[in-house]
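# A closer look at the structure
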Amino acid sequence: NSAGSLLQTLSSQPWDATTMWEMQLTTSGDTTIIVHEDFMMKKLMRTGATSFTINDFVFETHSSGYPRYQPYYKFADEIVTLTPSGTSGSITLTTSADYWTSAHNGSVVRYKGKEIDVTGYTSATVLQGTVRETLAATTADTDWDENVFSAANGYARSVSFHPRRLWFGGSRDLPNFMFASKSNAFFNFDVGTGLDDESIQGNLGQDEVNNIMHLH
């Protein structure tokens, strides 16, 4: 606003007088993405000459409601197995070693590539969940992972639009990883089969773990 006057107040936001100085943001057209490792990425939209809306960043979803096109990663040790108690409906998810925390409530876990919404925490080895995609089996298996951006694992630390993609650089628990959306699909992070226009995800190939703090 050229007059420098207040246009709108957006209340009940997750930042405070300390974390606001640690936030990063990027803008393309009428959309601004705001990030901080301690809270879900935010999408600030300019909806009119003097009006704005702000909401949690939402990853694109298949028209059927699943899968959700977001980054996934196995944070637990590779040898840790996951055993679902059923293939559909409400089930329990049991790991072969202590791993879960109460912060996993609300996360998304994938077993052999199929999504389960976490609905409750029982213990360090047991979660409750609701199956979104029918599971292939109920046997203990190391082929499982969870959504990268969550209360349990932290959120994106830096962000940039470049070019025709949205990039997230580093997160609290994956500090040296980069995540890029599909080309011309800023909310779709589906790696697919690795085609030129699909999501790019991976860590920096260095001999030490560095924290990605900014993207330029």
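Residues numbered from 1 in each chain as written. Predicted model: local features only at pLDDT ≥ 70, side-chain atom pairs only at ≥ 80, totals over all residues. Heavy atoms only, no water.

Structurally, Arg-132 can be placed in the loop between β10 (126-131) and β11 (144-147). In the structure, Arg-132 is positioned 45 residues away from Thr-87 in sequence and 9.7 Å away in space, judged by C-alpha atoms. Setting aside residues up to four positions removed in sequence, Arg-132 forms contacts with Gly-65, Tyr-66, Arg-68, Glu-115, Ile-116 and Asp-117. A distance of 3.3 Å separates the side chain of Arg-132 from the side chain of Asp-117, its partner in a polar contact. (Helix = DSSP H or I, 4+ residues; strand = E, 2+ residues; numbered from the N terminus. Contact = heavy atoms within 4.5 Å. Polar contact = N/O pair within 3.5 Å; in protein donor to acceptor, adjacent residues only side chain to side chain.)

For the rest of this paragraph, the subject is the environment of Tyr-121. For Tyr-121, the location among the structural elements is in strand β9 (residues 114-121). Filtering out sequence-adjacent residues up to four positions away, Tyr-121 remains in contact with Trp-100, Thr-101, Ser-102, Val-126, Leu-127 and Gln-128. Only 3.5 Å separates the side chain of Tyr-121 from the backbone nitrogen of Ala-124, close enough to count as a polar contact.

Further remarks concern the sheet that holds strand β14 (residues 177-180). What the four strands build is an open sheet, ordered β12-β13-β14-β15; its pairing is antiparallel. Each of the sheet's edge strands pairs with one partner strand only, and the pair in question is β12 (156-161) and β15 (200-203). On average, adjacent strands in this sheet sit at an angle of 15° to one another, irrespective of strand direction. Pairing geometry for β14 and β15, over four bridges, is antiparallel. The residue bridging Phe-177 from the neighbouring strand is Asn-203, located in β15. (Pairing = 2+ DSSP bridges. Axes fitted to C-alpha atoms, helices over the stretch in contact; angles between N-to-C directions.)

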